[in-house]
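Residues per chain are reported as follows:
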There are 2 protein chains.
Amino acid sequence: MSEEKHIDTVNIDLGERSYPIYIGSGLLQSTDQNSASRLIEHLPGQQVLIVTNETVEPLYLQQISSQLGNRIVETVVLPDGEQHKNMEVLQQVFDSLLGAGFGRDCTVLALGGGVIGDMAGFAAASYQRGVEFLQLPTTLLAQVDSSVGGKTGVNHPMGKNMIGAFHQPAAVFIDIDMLSSLPDNELSAGLAEVIKYGFIRDADFFTWLEQNIEALRSRDPDALVTAIRRSCEIKAEMVAADETEQGVRALLNLGHTFGHAIESAQGYGNWLHGEAVSAGICMALDLSRRHDWLDDADVERGRLLLQRAGLPTAPPADMDEATFLKFMQRDKKVKQGQLRLILLKQIGNAFVSDDFDHGLLSATLNAF
Amino acid sequence: MSEEKHIDTVNIDLGERSYPIYIGSGLLQSTDQNSASRLIEHLPGQQVLIVTNETVEPLYLQQISSQLGNRIVETVVLPDGEQHKNMEVLQQVFDSLLGAGFGRDCTVLALGGGVIGDMAGFAAASYQRGVEFLQLPTTLLAQVDSSVGGKTGVNHPMGKNMIGAFHQPAAVFIDIDMLSSLPDNELSAGLAEVIKYGFIRDADFFTWLEQNIEALRSRDPDALVTAIRRSCEIKAEMVAADETEQGVRALLNLGHTFGHAIESAQGYGNWLHGEAVSAGICMALDLSRRHDWLDDADVERGRLLLQRAGLPTAPPADMDEATFLKFMQRDKKVKQGQLRLILLKQIGNAFVSDDFDHGLLSATLNAF
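So, here's what we can say about the structure. (Residues numbered from 1 in each chain as written. Chains lettered and ligands numbered in written order. Predicted model: local features only at pLDDT ≥ 70, side-chain atom pairs only at ≥ 80, totals over all residues.)

A word on the sheet that holds strand β1 (residues 7-12) of chain B
Residue and element names in this part refer to chain B. Rules: DSSP-based pairing: two strands are paired if at least 2 bridges between them are found. Numbering of helices and strands runs from the N terminus, with a helix taken as a DSSP run of H or I at least four residues long and a strand as a DSSP run of E at least two residues long. Axis lines are fitted to C-alpha atoms, over the contacting stretch for helices. Their N-to-C directions set the angle, which ranges from 0 to 180 degrees. Think of it this way: build a C-beta for each residue from its backbone, and any pair within 7 Å is a contact.
Spatially, the seven strands line up as an open sheet ordered β1-β2-β9-β6-β5-β3-β4, and their pairing is mixed. With partners counted over all chains shown, the strands left at the sheet margins are β1 and β4 (72-78), one partner each. Sheet twist, expressed as the average angle between the axes of neighbouring strands with direction ignored, equals 15°. Direction of pairing for strand β3 (residues 47-53) relative to strand β5 (residues 107-112): parallel, over a ladder of four bridges. Bridging across to β5, Val48 finds its partner in Thr107. Relative to β3, helix α2 (residues 57-65) is tilted by about 165°, and along the sheet it contacts β3, β4, β5 and β6 (132-137). In the packing of helix α8 (residues 221-241) onto the sheet, contacts are made with β1, β2 (19-24) and β9 (171-175), and the angle to β1 comes to roughly 15°.

What follows is the structure, given as structure tokens:
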């Protein structure tokens, strides 16, 4: 038997939709009886559909299934990759739920990265107009960002995450041991979102990341837990303040308007989401500097940290201004046709801007 | 200029999601300036997508479009019929929204019957994770039932309304003049839901319906307004008490577990929803009588009123017990595998039962 492991808990405070995020090493090992019961504890019904993908299935499906006691467990294995996050593949989840005869009291359990979490979550939001949902994120990006906060959905050929729902999970289980199987480029993609939290909300965390980026890339467990916990804390605070993104929550989109345009224009799956966000953050830094809101030194600090995290710091060379503007105009933050961007006053202080200078935006789009 | 028409208003009390149902004759005629402004009043943004079908478009699209002032109006025309209420056709609505470049501040306006309302509503619930929604129901069934209460969704080959969301409209506009173009069988189908309200909640209304069924079938305007208003009042009361159907709202499903099985088994669109509900109510009456909860006289009163409304009082002859049970088991009211049915203690008094006698259910399924 393994000894009792330390588990951190971050709570998302949303009234009756509040839920815990459990973070730790060995959290989902079957020898840990406490963790097994913790998973069961968040399963109100008897029927569980595990939604996973072909990469994660051979690594973790058996481990998770074995902890579900006498529950009726079905599994659906989806293809891996952002290019499969669409309505057609989503249908497979509904087919599985109905084929199994699952009722409104079933639970959908997402076992995978952001794509799996988003699709399983939207299926849970929509099946019989809403069933229970649990998140077991297996990538760093999903652990620090997409599994927390209730945003679910699929892509449309004309825009990323255009069809979806806000549907909060009943709990999130983050086992950092699962990161041992993550490819290096996916670890880096997750670090883009971790670094984002420093940029928008916490200069001290940004400094800590500058000091610990190598430890994170070498998957030091203590460094990972610290980075994941702080990321979840910041996200929890912003989601609790603004569940459906009417205001402050939009700050979490730093780099995302540029990044979504890159992902959509390049074809889903060709750039990892975190890679596109990293390039997008560098563009937001550039535009903030052109407005004299940010100085050269901070821009360089930002660019350097992203680079040290193994991330791209510029968009693909073949994307011109017109292409960017076409895709950016479909951003969900557009209001009355007016583009809104997340920009920086300084590291740790982001804001939503709808009165940026369009000439300076043009300069940024042409500068890379 | 037309003189000022009398407009009834029924309010759905759901806190910050409360909304009005406007009921009247001439409500949406373009000569009535007050009504035009009432429609505009519920359009917060500049962008409006009208979702309608190929039957309704030539009748009412121009009339409605002309009342939207200087709004940016796009239209998507879907095929008509329950067999088209599915994910594939729903995609056309998302394609239209994205093709028009509409943002999160747009409004989706449903102009049609229950199928259009359910699909437009689910599109509004899901587009960019939720946009504004208005209902302009053009059939009696949509006016008294499906346009009120926020249930939206599409069918799956394995079950009706299996994929959807609760998404309340910002307002419902019921113009009884639109019923003049409704085929007789569709009028009767709407009367099935009207009669349902009498059965579950209001014996006096049931008696009034017995006295006025011919007036309703001949489309007497005063009788229609009375029947629609009372139906909306009863629905409003039950939705306000239980928005997401955890309890009392389930009573609105009288006859629907049997009826959905008929619709699914016969192929969507071959039986009108209201026709299937009418046969389903007769089966619920039969099962209630077999439990000695209802006497023969009340069963006969119920059957006779549905018959006088021009509705079927028995399921299709080719549906056997096994077929019924297969489809009924997929009902959304099933909990832990246990079927739950809406049954009657007397006319005006329905209840949810999960301890009915399965032998008696078998007898009912074989009796028709």
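That was the structure; now back to the text.
Regarding the sheet that holds strand β2 (residues 19-24) of chain A
Residue and element names in this part refer to chain A. Spatial strand order, β1-β2-β9-β6-β5-β3-β4: seven strands in an open sheet with mixed pairing. In this open sheet, the two strands that pair with only one neighbour each are β1 (7-12) and β4 (72-78). For this sheet, the mean inter-axis angle between neighbouring strands, taken without regard to orientation, is 15°. The strands that helix α3 (residues 87-99) touches are β3 (47-53) and β4; relative to β4, the one it contacts most, it runs at about 160°. Contacts from helix α8 (residues 221-241) reach β1, β2 and β9 (171-175) within the one sheet, and its direction differs from that of β1 by about 15°.

As for unusual backbone geometry
The residue Gln128 of chain A is not glycine, and still its phi comes out positive at about 50°. With respect to the helices, strands and loops of the structure, Gln128 of chain A is situated in the loop between α4 (114-126) and β6 (132-137).

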